[in-house]
Amino acid sequence: MIITLAGGGSTFTPGIVKSIALRREELEVDEIRLYDIDGERQRKVGVLVDWILHEDLGTDIKLTVTTDPKEAFTDASFVFAQMRVGKYAMREQDEKIPLRHGCVGQETCGCGGMAYGMRTIFPMVELIDLVEKYAKDDYWILNYSNPAAIVSEACRVLRPDARIINICDMPIAIIDVVCEALQIDKRDVEYDYFGLNHFGWFTSIRCKGEEILPELRDYIMEHEILLPDSYVKNAAKQGAMAGVKKDGGESGAEQNRHTKGSWYYVWKGVYEIMELFPEYLPNTYLNYYLQQKEFVEHSDPERTRANEVMDGREKSLFEGIDRYEATGEIDESIFYAGSHGDWIADLALALKNDTKARFLVICQNKGAIPNMPYDAMVELPAYIGKNGPEVISRDEIPLFQQGLMMQQVNCEKLLVEGCIEGSYEKVLKAFALNKTVPSIKVAKEVLDDMIEANKDYWPELK
Ligand SMILES: NC(=O)c1ccc[n+]([C@@H]2O[C@H](COP(=O)([O-])OP(=O)(O)OC[C@H]3O[C@@H](n4cnc5c(N)ncnc54)[C@H](O)[C@@H]3O)[C@@H](O)[C@H]2O)c1
Ligand SMILES: O=P(O)(O)OC[C@H]1O[C@H](O[C@H]2[C@H](O)[C@@H](O)[C@@H](O)O[C@@H]2CO)[C@H](O)[C@@H](O)[C@@H]1O
Ligand SMILES: [Mn+2]
């Protein structure tokens, strides 16, 4: 049983490998392969992965680190994809170019998300074709590569038969925070959710069968933020309490980072949205669409999330690996093993062992939300077994959410069509349709700057 990580040089690789290795008996995994187009970045991550597999956990799982697709995918059962096409340097452009024009600058939302999507569509299709060619016939690609909404729409259009499931860790990250805030165990929690990727709402959260959304709402209103007291106390102890505008990089500690810099506004925004629209718990990404003006106001166009990540997660990981290579000493806090890795490893487990466990997945609607288009890629709970997701249908969604989702879904579809056809006009219409963009003139200005910045990545637009 072979699992290949595509984007093996990712900062998330060590955490994911640890989650796989901790489930080695149920997954019956014999070999883990890392595949990347950047050999040196991946080699370094491979050094840490080797330590995790063979020193830390003492497993006999074989490790292969390669830039050769044939070696990477031959006979693989699972491919976990986590590519960042254009790396952090292009993420920085995605975030900074729109901000220069007064628009939201974000990795996966608005103009930045569309730019990232246009870089990723064809490499993703290429990956699918390589996996089809070399992997086992019943392979599964479990895809984290962002922007997952646009990537999944492109896969639906270009490779409709691919055995790919697109997923996101934000909803489970939100549930982690909710559980910490209310001091409950996440194993007791089940939730209902609907939306698009990075664009959805929790409609019910249950703990041991009891509805806890009202209690959570009270917590958020009382604290004026969705942040657990324990996170805030820990961060304060470390002298890193935020709320502070435009502050420095992340610390190694996962909890700590949520209390400062751009993450602070993520959790504050949940309160600001729920104060006005208390019915559901919003995905934090809705901030960028519902508070676009305020986001631009509190952003520093010279220092965005990409800078925080480069100075934080990326730096501490690669400096830690360098230190290990030089001294043989390892500091485990340089990588994060948690829900992100557990989620994808548990999904593989559900597919392999036909567990019918419940997961949120990005899937074609096919009537599951009756008042959304049949071919929209939506995010919904599903039971996962050996034949893939069995999506749980629901009632019609309210007009406010449906209106927002229709605008966003049409934007994503136009972008994918424009990218495939090489149509400037369609891509411009996608930019103009996005809720983060105030006028067609601004849409054109941002798009033209994006074309220049992405000339090594995007198809030509005519
Ligand atoms: N869906 C989610 O909820 C979720 C959560 C976290 C991260 N992500 C995504 O996971 C990815 C990795 O994030 P990161 O911050 O660790 O980035 P990273 O830059 O550290 O790692 C990405 C790796 O992908 C490699 N890569 C780029 N193009 C490739 C290609 N065509 N083939 C193979 N490898 C390629 C890069 O060389 C790099 O090593 C990103 O797409 C990010 O957006 C998604
Ligand atoms: O800015 P980044 O690169 O730190 O995060 C962007 C990603 O944010 C979400 O995933 C988070 C998650 O919410 C957090 O709790 C922790 O697990 O880290 C993840 C990655 O930072 C989101 O779901 C992803 O799509 C984004 O790429
Ligand atoms: Mn996500």
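Residues numbered from 1 in each chain as written. Chains lettered and ligands numbered in written order. Predicted model: local features only at pLDDT ≥ 70, side-chain atom pairs only at ≥ 80, totals over all residues.

**A look at the confidence of the model for the protein**
Moving on, step 1. With 95% of its residues at a pLDDT of at least 70, the protein reaches an overall mean of 94.
Moving on, step 2. Predicted confidence for residues 239–252 stays below pLDDT 50, and this span has 34 contacts to residues more than four positions away or in other chains.
Moving on, step 3. Interface confidence for the predicted complex, expressed as ipTM, amounts to 0.98; the pTM equals 0.96. (pLDDT = per-residue confidence, 0-100. Contact = placed C-beta atoms within 7 Å.)

**Points about unusual backbone geometry**
The bulk of non-glycine residues show a negative phi, and the bulk of peptide bonds are trans.
Moving on, step 1. The omega torsion across Asn146 and Pro147 is -10 degrees, close enough to zero to call that bond cis.
Moving on, step 2. Tracing the sequence through the fold places Pro147 in the loop between strand 5 (140–143) and helix 7 (148–158).
Moving on, step 3. Notably, Lys208 is not glycine yet its phi reads approximately 50 degrees, a positive angle.
Moving on, step 4. Tracing the backbone through its elements, the reader meets Lys208 in the loop between strand 8 (199–207) and strand 9 (210–211). (Helix = DSSP H or I, 4+ residues; strand = E, 2+ residues; numbered from the N terminus.)

**Some points on the packing of helix 6 (residues 110–134) against helix 7**
Between two packed helices, the angle of one axis relative to the other and the distance separating the axes together describe the packing.
Moving on, step 1. Packing of helix 6 against helix 7 leaves a shortest axis separation of 9 Å and a crossing angle of 45 degrees. Accordingly, the angle class assigned to the pair helix 6 and helix 7 is oblique. Of the two possible hands of crossing, helix 6 and helix 7 adopt the one that is right-handed. On helix 7, the residues that touch Gly113, Gly117, Thr120, Ile121, Met124, Val125 and Ile128 of helix 6 are Ile150, Val151, Ala154, Cys155 and Leu158. (Axes fitted to C-alpha atoms, helices over the stretch in contact; angles between N-to-C directions. Parallel < 35°, antiparallel > 145°, perpendicular 65-115°, else oblique. Left-handed = near helix turned anticlockwise from the far one by under 90°.)

**A look at the UniProt feature "site: Increases basicity of active site Tyr" (unreviewed entry) in the protein**
Moving on, step 1. This chain's UniProt record puts "site: Increases basicity of active site Tyr" (unreviewed entry) on Glu107.
Moving on, step 2. Tracing the backbone shows Glu107 in the loop between helix 5 (87–100) and helix 6. (UniProt positions renumbered as here; feature names shortened; annotations may be inferred.)

**What about the pairing of strand 13 (residues 388–391)?**
Moving on, step 1. Note: strand 12 (residues 377–385) against strand 13, four bridges, orientation antiparallel. The residue of strand 13 that forms the bridge with Ile384 is Pro389. (Pairing = 2+ DSSP bridges.)

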